[in-house]
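Fold and geometry: a report
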Amino acid sequence: MVVVMTQEASQADIDAVCEKARNAGGEAFVSRGAVHTVVGLVGDTARFEAVQWTQLPGVAHVIKIGKAYKMVAADLHPEPSMVSVGQTQVGRATFTIIAGPCAVESVDQAMAATKAAKAAGATILRGDVYKPRTSPYSFQGLGEEGLEILQACRKETGLPIIVEVVDVSHVAHVAEVADCIRVGTRNAQNFELLKECGLTNKPVMLKRGLAMTIDEWLQAAEYVAQRGNSAIILCERGIRTFEPATRNTLDLAGMAAAQHESHLPVIVDPSHAVGRRHLVAPMALAAVAAGADGVMIDVHPDPERALCDGPQALLPSEMEDLGRRIAAVAAAVGRPMNLP
Ligand code: PEP
Ligand code: MN
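First, a word on scope: everything that follows refers to the structure included in this document. A quick note: this is a predicted structure, and the numbers were derived from the prediction, not measured.

Criteria and thresholds
- Residues numbered from 1 in each chain as written.
- Chains lettered and ligands numbered in written order.
- Predicted model: local features only at pLDDT ≥ 70, side-chain atom pairs only at ≥ 80, totals over all residues.
- Heavy atoms only, no water.
- Helix = DSSP H or I, 4+ residues; strand = E, 2+ residues; numbered from the N terminus.
- Core = buried A, V, L, I, M, F, W, Y, C linked by side-chain atoms within 4.5 Å.
- Buried < 20%, exposed > 50% of the residue type's maximum accessible area, 1.4 Å probe, protein only.
- Domains from an automatic or database assignment.
- Contact = heavy atoms within 4.5 Å.
- Polar contact = N/O pair within 3.5 Å; in protein donor to acceptor, adjacent residues only side chain to side chain.

Once that is clear, we can look at unusual backbone geometry. One non-glycine residue with positive phi stands out, namely arginine 247, at about 55 degrees. Within the element layout of this structure, arginine 247 appears in the loop between strand 12 (232-236) and helix 8 (252-261). Residues other than glycine seldom take positive phi values, yet aspartate 309 does so here, at roughly 55 degrees. Looking at the element boundaries, aspartate 309 is found in the loop between strand 14 (294-298) and helix 11 (316-332).

This is how it looks when you write it as structure tokens:
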């Protein structure tokens with residue numbers, strides 16, 4: 001059950017709802033959205049139903065959600081939510097391009113990739129400084145130095161930055177610097193990491209785990225929301241199937257299913273899904289046509305020399321061309337682009 005508070009509800013009103021929940025033997029989790037604060041109730045539904053919630057001051061209405069996830073469920077919000085990242089917003093109202101290097105490698109490489117992202121119409125810059133690599137011998141990221149480079153790229157172009165966190169110990173610091181933090185596919189069910197992200201005041205992008213069902217993905221998102229942070233963007237990035245020719249299998253139906261089940265924005269990462277440059281554009285264009293809320297794409301000035309995921313990175317000219325084609329498909333399906 002979820003208690004939705006009115007816009008005018010005071011802290012005392014919210015506290016009173018939590019107190020009632022505890023008195024009914026349950027637990028209450030407060031989540032503050034852009035417009036409404038909601039209180040998720042976990043416990044014995046029969047005992048909650050006996051409480052006259054709507055008689056309490058500051059309560060707008062009550063929603064019964066019989067699912068394992070509540071705060072992120074579509075039942076909670078009739079309208080899909082928009083998530084603010086820096087000065088821009090991600091969600092159903094527009095189509096957002098996020099682009100940048102897979103990993104920050106140097107000032108020159110990151111700056112060139114950032115400029116290419118911006119020229120292609122991206123309104124958010126991606127770039128990682130902690131890389132969760134399959135092999136311990138592969139490049140692991142520049143860490144703190146990389147964060148400084150990303151800040152310089154943001155200063156130069158004005159693009160907000162999204163950065164992956166791979167450990168609980170990174171979260172507070174990365175959240176201080178970045179405009180959005182990301183949990184990657186390998187950590188999508190690292191519940192301690194998700195809880196820590198839920199304690200920050202920055203939006204969180206949650207990628208789908210390699211072998212996660214939609215239901216598990218939404219329950220992982222619930223971990224973040226339950227700690228008080230409902231500014232979550234879901235990202236479909238392909239799932240593990242029997243087919244190695246396309247690296248992972250991009251599940252566009254899964255993207256649409258997540259949009260149906262949840263009020264959260266859902267974007268698509270075709271780069272990490274397909275792992276091969278020539279397959280990125282077809283899947284990015286399919287994602288736009290299928291109604292995704294955005295795409296996140298790897299771009300690199302010199303993919304041959306990339307320290308991470310070079311085979312899937314687009315050259316700046318390819319990225320710019322793809323930006324134009326994305327805008328054309330978005331226009332054809334009546335979707336305005338997210339503009340700077
Ligand atoms: C990435 O986006 O750089 C990344 C590591 O992606 P994923 O977690 O989807 O593998
Ligand atoms: Mn990568």
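Next up on the list: the nonpolar core. In this structure, Ile97, Leu206, Leu234, Val295, Ile297, Leu322 and Ile326 are the most contacted members of the largest nonpolar core, which totals 80 residues. Counting residues per element, this core draws most heavily on helix 7 (residues 214-226), which supplies seven residues. Viewed by domain, this core spans two of them, domain 1 (2-64) and domain 2 (83-332), each represented by three or more residues. Excluding anything up to four places from it in sequence, valine 295 contacts Phe95, Thr96, Ile97, Ile98, Ile267, Val268, Pro270, Ala284, Ala287 and Ile326. Among the nonpolar cores identified, the runner-up in size contains 17 residues, and Met1, Met5, Val17 and Leu56 belong to it.

A separate point is the environment of aspartate 13. Here aspartate 13 lies in helix 1 (residues 11-23). For the pair formed by aspartate 13 and methionine 283, sequence separation is 270 residues and the distance between their alpha carbons is 48 Å. When sequence neighbours within four positions are dropped, the list of residues in contact with aspartate 13 reads Met5, Pro57 and Gly58. At a separation of 3.0 Å, a polar atom in the side chain of aspartate 13 contacts the main-chain amide nitrogen of serine 10.

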